[in-house]
Every structure is written in C-alpha cells, then in structure tokens.
Amino acid sequence: MTTEQTTSPPRAGVGIAAQGLGQRVRGGRQILTDISLTIAPGELVAIIGASGAGKTTLLETLAGVQQPAAGTVTYDGITAAGAIGLVPQDDIIHRELPLARTLRYAARLRLPSAGPTEIADRVAEVLAELRLTDRAATPVGLLSGGERKRASIAVELLTRPGVFFLDEPTSGLDPAIAVELLRVLRALADAGASVVLTTHQVTDVDHCDRVVVLTRQGRLAFAGTPAAAREFFGLRSLVEVHLRLDEATQPAEWPDRFAGHRDAEQSGLSTDDGDIAEQSGLSTDDGDIAEPSRRGTDDGDVAATPPRRVGRLRQWAVLTARNAEIVVRNRLTLAILLGSPLMVLGMFALLFRPGAFEPTRPSPTVTVMILFWIAFGGFFFGLTYGLLQICTELPILRRERLAGLRLAPYLLAKVAVLLPLLALVDLALLGVLRGMDRLPPVGGADFAALYATLLLSSAAALALGLLCSAAVSDAAQATLMLPMLCFPQVLFVGAILPVPAMAVGGQRLSYAMSNRWAFEGLGHTAGVERLWRDGGSPLGPPLLATYGDSFSRPVWVDWLVLGGFVLLFLGATWAVLVRRGSGRAS
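Residues numbered from 1 in each chain as written. Predicted model: local features only at pLDDT ≥ 70, side-chain atom pairs only at ≥ 80, totals over all residues. Heavy atoms only, no water.

**So, empty space enclosed by the protein**
The following threshold applies: Using a 1 Å grid laid over the protein atoms alone, points where a 1.4 Å probe fits but cannot get out form a cavity; open sets with protein on both sides within 12 Å along at least 5 of 7 lines form a pocket; any residue with an atom within 4 Å of a point counts as lining. Grid points are joined across faces, edges and corners, and a volume is the space filled by probe spheres set on the points. All amino acids are sorted into three groups, where Ala, Val, Leu, Ile, Met, Phe, Trp, Tyr, Cys and Pro are nonpolar, Asp, Glu, Lys and Arg are charged, and the leftover types, Gly among them, are polar. By definition, any uninterrupted DSSP run of H or I lasting at least four residues is a helix, any uninterrupted run of E lasting at least two residues is a strand, and each is numbered from the N terminus.
Enumeration over the complete set of coordinates arrives at three cavities of 30 Å³ or more. As a volume, the largest cavity reaches approximately 90 Å³. Taken together, Ile92, Ile93, His94, Leu97, Thr102, Ala106, Arg110, Val155, Arg322, Ile396, Arg399 and Glu400 form the lining of the largest cavity. In terms of residue class, the lining of the largest cavity is built from six nonpolar, two polar and four charged. The calculated volume of the second largest cavity comes to roughly 60 Å³. Together, 10 residues line the second largest cavity, and Thr38, Arg210, Val212, Ala223 and Gly224 are the ones closest to its centre. Every element with two or more residues in the lining of the second largest cavity is listed here: strand 2 (30–39), strand 8 (210–214) and strand 9 (220–224). Here the residues of the lining of the second largest cavity sort into six nonpolar, three polar and one charged.

So this is what it looks like as structure tokens:
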C-alpha cells in the first residue's frame, strides 16, 4: 500500500549537529556521554540501543525538550514557529474527541494567523496525507493503534515542521501496521522533512537512511548508514548488534573503535571518497551545518528563537471550548460530575431533620453539623472536580507547551469549564435544603451571601485539586490524595472541636484550612450567634462560649480569605507545572 501524495508545498528540511552531548539524570548519574553526530535535512534516522541506553534522552535533547548537561546542539533551516514536531511514545491526544475535532483544536492553538477556512483546509489536507480521511468523525479512543500513531503525527504535521522527533513510534504495533507507519515516515522524509526516531525494533532500521547505535552506558557506538553499520560490527543483520556490544570486554571498546574509525576516515577524506564519509555520518567543511538558527551555548543550553504563538485570549477560548466538549462527550465523567452531588444532597436530606434553625426551639448541635457538612460538601465537590484534571493529560500539556501553549490560559480554561458546573451544584444544594427546611429562613440577600460563601469554598477546593493534580503523576496517585486532603478539612475546621478549644498546633493549622472560613462564613450569615443566644435552648450559650468570636467576623472577611486561597493555589499550580517541565514560560 502506497502513501497518497498531496499537493502541499515541500517542507524545508532541518539539519541537526550535536557536538559532545552529555546528559545526567536526577541524582547526577551520567546517562549520555560525548555524543557527536550530524543529521542532514530530509533524512530518516533511527536511534537504537538496549533499554536504559538513553535513546529517549538523546531524542529529547536533540529536540530541545531537555537541556544538555554538556555539549551543544545546532539547527539549520528553521524559519518559522512550529518547525520542530515531537511525537512521544504515549498517545497524547484526547481520546474523547473525534479525530477531525482534535486536529481543529490543535490547529487553532498552533496557527496564530489561520482563519476557520484555512484551518479546515489544513486539517483535511493532513488527514488525506496520512490516509485518515475516512476516520475523521471517529473518536480517537476508537482508532486502532496504528491509526492513533498516525493521528499523533497528524497533530504535528499541521504546522508543516521541518523535523519530526518520534519516540518508539512502532512500539506495541503488529508488524504489518509498524511497516505501514514506517512507510508514512519514509514519505515524510522524501517530502523534505528530517525524521528522527527511537526504536526497540532493530528491523525498523532497514527503512531508514541512517542509524545511531548507543551502548548501555549511553555512549556512541556507531552513526552511519545501516549497510555501513553491518560492515562495522561484522554482522549480516543488525538484530544481533546488542549482543555484539555486550560481548565487549570494556564498556568503551566500541565507542573508542568508532572514534578511531571516524578519525581515520576523516584524515583520508578526498573528493573521490566522500561517499565513505557520508556512510559513516561524517561532515566535511562543505557539509557542515551553517548559520544555525538554534545553537548550543557555552554552558550546554539549547537557545531557541521564541516562536510566534497564539495570543493568550485565543488560547483560553480554544482550550475552554475543547474542555467543555470533552466533558460533554465523556458521558461517564459528566454523570459523575452531576450525579455525585445529587447523591450527597439526598444523604443530607435523610440525615438532617427539618426545623433545626427554628428560632423558638433551635438545635445548636444540629445547626453546627448542618453548616459544617454544607461547607464540606462544597469543598468536596470542588476538590473532586479538580483532582483528575491535569495528571491525566500531563503528556498532552507538555507537548502543547512545546508548540507555544501558555500555562495561565490553560489553568483558567479549566476553571472556566468547571466553576459553572460547581455553581449549579452549589445552588441546587442550598436551594433544595432551603426548600426542605434544613436552612434558616433567611431573605434573598442572606441566601445570596450563603451561596457566595459556598461557591468561593468550592472554587478554593477546585484550585487545591488542580494543584494536587499537577503535583502527581497519574490518576491513582490523585485518588490516594483525596482522603489525605479531606481529613484535615474535617478535623481542624472547628465543627467537631471549636478552634478556641484546640491545642495551639491545631489552632495554627486551622488557619490553613479553607473549609474553616467557609464554615464560619456560613455560620455568620445564618445568624447562629443570635440563634444560640436568644433561642431558648440551654445548649446555646455554653456552645457559643466555646466558639468565642468564630462567627463574629463580617462575612466579607471570610470571602477575602477564600479568594486568597483560590489565587494562592492557582499560583502554586502554575509554579509546580513550570518546575515539572511542563512549560518554559507563561
């Protein structure tokens, strides 16, 4: 099966030169050592090596995702933003959306000057080029493994990059699909793009122009054509190259042999034997990559020309629309988001008896529990809404950050979709409880104040959930954090044990509990001080004395504190994402 050709303009290839690359992992362990190689424009290059040899690290260092600990990387031929395309090993596109919708959102985020018609044409062109036109309306999650790989490539192909970096693109695919995907990559290279991939499947090398071989110690054992590699290692097939490397008596045996081989060929270069240099991956004075638009600095950094990016407002609008569509299309998630509050509301209705706030015969202990659980309900809803929002799409976020996505619009888009849902849930919670006589008979202004307090509590919890979601690596870790975050918000709020009655440490810790300020704000608006003091219940005055001035503050003070929590948690989320490498700037 041949790859369809399109009338798209040829890509400007990107040449890459790495000189003396070194890389370390956390803890200081050296994972790459003295890697020097060149990749010419329009080549298809495979990086192979045993597990742990540093293939992905080398790929990400060449792509500029990781900054080298030593050495330099230079590029030639980059003339516009989006000239570098990166396709990690994992499928990094939202599975809920149809393929064409996914590509349209990606195009709106990556093409700052493109209008709707141009975006539609570009998406259609890319789908045709990768033979995915008949799958345009299919949700990504229903595509086959090979189709999802091509879909990931399609996202990068939207900007017509001059170089593609792909990490294990054939991993997990059956042989026929893997060969078909390699034909797609071969067609991209033939169209002018430089393509660099890592692979565990040594048979993939036969489809490539060059192969880069790494030892288990992360050193360069060979760089050149597959035919030259077979001759260099004395093998009929490169399938046995890992065994040949492991047979070495010294870790540096093959790297040193290749260095000597390269030096010998460089010293004997002439116009008549330039093909030898080409097979070995050498570059002569005439073949050096000149005038790089990205070059390594003296301390090993890779300095990149800042790409032209879509404006913050447009990014926010696109991400908000995409997030909303993902929520709507994922019916299970939508059912959980709306169904869990309904279950909680039903339990509240069964748990609390009516008339607890009756002025003539109030029940002080019951009013404490009602106000606390309402406050905790708002906290719980916001926390659960936020906990799974970022950790489940960190690979997507990293990829889009490389394409120019800013973190501030990303976070605000999450809030823009989830906060209205929380507003509906909180309003339903208060409205139903009020209609069932589980709340004090307050007027419209006081009801609005109760609602504002509860919504701010949910917003603070949502921001806390986003922070924790950004700090963990997967959904399982986020789920484990749920009880750890909820227990302090129960124990140190002041409902079970009033804050003035706590030990000094507990009193101080209570200041950091956003739920405390929601609980006390609700109590102030509900008038519990007056109710307990004047309601005639013998429990009221002593209970009021134990709470001290907890409910005496104006409610706007509690609102300011809750608003401060929202800003603090969102700012911390931004900082965590930057620190984790999900973005260079915002």
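**Focus on the sheet that holds strand 5 (residues 84–87)**
Here is the rule we go by: Between any two strands, pairing holds if DSSP finds at least two bridges. Axis lines are fitted through C-alpha atoms, for helices just across the contact stretch, and the angle between N-to-C directions can take any value from 0 to 180 degrees. The contact rule is simple, with two residues in contact once any of their heavy atoms fall within 4.5 Å.
Reading across from one edge, 5-6-7-3-8-9 is the order of the six strands in this open sheet, with mixed pairing throughout. Each of the sheet's edge strands pairs with one partner strand only, and the pair in question is strand 5 and strand 9. Between one strand axis and the next, the sheet turns by 10 degrees as a mean value, whatever way the strands run. Here four bridges tie strand 5 to strand 6 (residues 163–167), and the two strands are oriented parallel to one another. Note on strand 6: the bridge partner recorded for Leu86 is Phe165. Each of strand 3 (44–49), strand 6 and strand 7 (194–198) touches helix 5 (residues 175–190); the most contacted strand, strand 7, lies at about 150 degrees to it.

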